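Fold and contact review
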Amino acid sequence: MTKQTDTVALIGRIFLAVLFLLSASASSRRPAATQAYIAAMGLPAPTLAYLGSTAVEVIGGVLLIVGFRVRPVALGMGRLHAADGPCSSTAILPTRTR
């Protein structure tokens, strides 16, 4: 890679990592509410799911910034959020009122 390509890749990794770190920060500010939301979505073991998800977001975000094994880390985080998406996307969908 050239120096310019390396710089662009670093900037992209930082932007991607910031999304995960902000998500972890938001959920860790109110752990009880986050766990209650996970339980309301019908997922088993909300405490374990909360701790696991937050740990993956923090560790994965840091690894992306550092540049350690970027492809496997990004793939793993993508899988986490692909599995998480159908559960959490109901919060952003508008509800119908009659």
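See above for the structure.
Just so you know, the residues in each chain are numbered from 1, in the order the chain's sequence is written. Since the coordinates come from a predicted model, pLDDT governs what is reported: local features require at least 70, and pairs of side-chain atoms require 80 or more to be given and counted, while whole-chain, interface and lining totals use all residues. The basis for every side-chain value is the complete set of non-hydrogen atoms in the structure, without hydrogens or water.

1. Comments concerning the overall build of the protein chain
Rule in force here: Counting from the N terminus, the helices are the DSSP runs of H or I reaching at least four residues and the strands are the DSSP runs of E reaching at least two. To sort residues, take the accessible area from a 1.4 Å probe on protein chains only and compare it with the maximum for the residue type: under 20% means buried, over 50% means exposed, and anything in between is partly exposed. What makes two residues a contact is simply this: any of their non-hydrogen atoms within 4.5 Å. Here the Shrake-Rupley method, with its probe set to 1.4 Å, supplies the accessible areas, and only the displayed protein chains count as covering residues.
The number of helices and strands found in the protein chain is four helices and zero strands. If you list the helices and strands of the protein chain from N to C, you get α-α-α-α. For the protein chain, the residues scored as buried account for 14% of the 98 residues in total. Partitioning the intrachain contacts of the protein chain with sequence separation of at least 6 by distance along the chain shows that 61% fall at a separation of at least 24. As displayed, the protein chain offers around 7100 Å² of accessible surface, 69% of which is attributable to carbon and sulfur atoms.

2. Some points on the nonpolar core
Applied cut-off: Definition used in this section: a nonpolar core is a set of buried Ala, Val, Leu, Ile, Met, Phe, Trp, Tyr and Cys residues joined via side-chain atoms within 4.5 Å.
Ala17, Phe20, Leu64, Val73 and Met77 form the largest nonpolar core, which has five residues in total. Those elements giving two or more residues to this core turn out to be α1 (3–29) and α4 (70–88).

3. Observations concerning unusual backbone geometry
Positive phi, normally seen in glycine, also occurs at alanine 45, with a value near 50°. Mapping alanine 45 onto the fold places it in the loop between α2 (31–40) and α3 (46–66). Here the phi dihedral of arginine 69 falls at roughly 45°; this positive angle occurs in a residue that is not glycine. As for its placement among the helices and strands, arginine 69 is situated in the loop between α3 and α4.

4. Here's the deal with the environment of arginine 13
Summarising the element assignment, arginine 13 is placed in helix α1. With residues near it in sequence (within four places) discarded, arginine 13 still touches Leu64, Ile65, Val66, Gly67 and Val70.

5. Remarks on the packing of α2 against α3
Helix-helix packing is characterised by the crossing angle of the two axes and by the distance between the axes. This is how the line gets drawn: For helices, the fitted axis covers only the stretch in contact; all axes are lines through C-alpha atoms, and the angles between them, taken along N-to-C directions, range from 0 to 180 degrees. Each crossing gets its handedness from the near helix: less than a right angle anticlockwise from the far helix is left-handed, clockwise is right-handed.
Relative orientation of the contacting elements α2 and α3 amounts to 115°, with a least axis distance of 9 Å. Handedness of the crossing formed by α2 with α3: right-handed. Of α3, the residues touching α2 (which contributes Pro31, Thr34, Gln35, Ile38 and Ala39) are Pro46, Thr47, Ala49 and Tyr50.

6. Remarks on α1
Put simply, the rule reads: A helix is expected to reach a length of 1.5 Å times the quantity of its residues less one.
Over its 27 residues, α1 extends 38 Å from the first C-alpha to the last, a length consistent with the 39 Å expected when each residue adds 1.5 Å. Among all positions in α1, only Ala17, Phe20, Ala24 and Ser27 are buried.

7. Here's the deal with the packing of α1 against α3
Rule in force here: By the definition adopted for this analysis, an angle is roughly parallel if under 35 degrees, roughly antiparallel if over 145, roughly perpendicular if from 65 to 115, and oblique otherwise. Side-chain classes are defined by residue name, with Ala, Val, Leu, Ile, Met, Phe, Trp, Tyr, Cys and Pro counting as nonpolar, Asp, Glu, Lys and Arg as charged, and the others, Gly among them, as polar.
The N-to-C vectors of α1 and α3 enclose an angle of 155°; their axes lie 8 Å apart at closest approach. Classified by the angle between their axes, α1 and α3 sit roughly antiparallel to one another. Crossing hand, α1 versus α3: left-handed. Residues Leu10, Arg13, Ile14, Leu16, Ala17, Phe20, Leu21, Ser23, Ala24, Ser27 and Ser28 of α1 form the contact with α3, whose own contacting residues are Tyr50, Thr54, Glu57, Val58, Gly61, Leu64, Ile65 and Val66. Classifying every residue of the contact of α1 with α3 gives 12 nonpolar, five polar and two charged.

8. Some details on a nonpolar patch on the surface
Selection rule: The patch calculation keeps residues exceeding 30% relative accessible area without a salt bridge and links them within 9 Å when they carry like charges or within 5 Å when they are nonpolar (Val, Leu, Ile, Met, Phe, Trp, Tyr). A side-chain nitrogen of Lys or Arg and a carboxyl oxygen of Asp or Glu constitute a salt bridge if their distance falls within 4 Å.
On the surface, Leu10, Ile14, Val18, Leu22 and Ile65 cluster together into a nonpolar patch covering about 370 Å² of accessible area. Ranked by residue count, the leading element in the nonpolar patch is α1, at four residues. Here leucine 10 shows up in helix α1. We classify leucine 10 as partly exposed; its relative accessible area is 35%.

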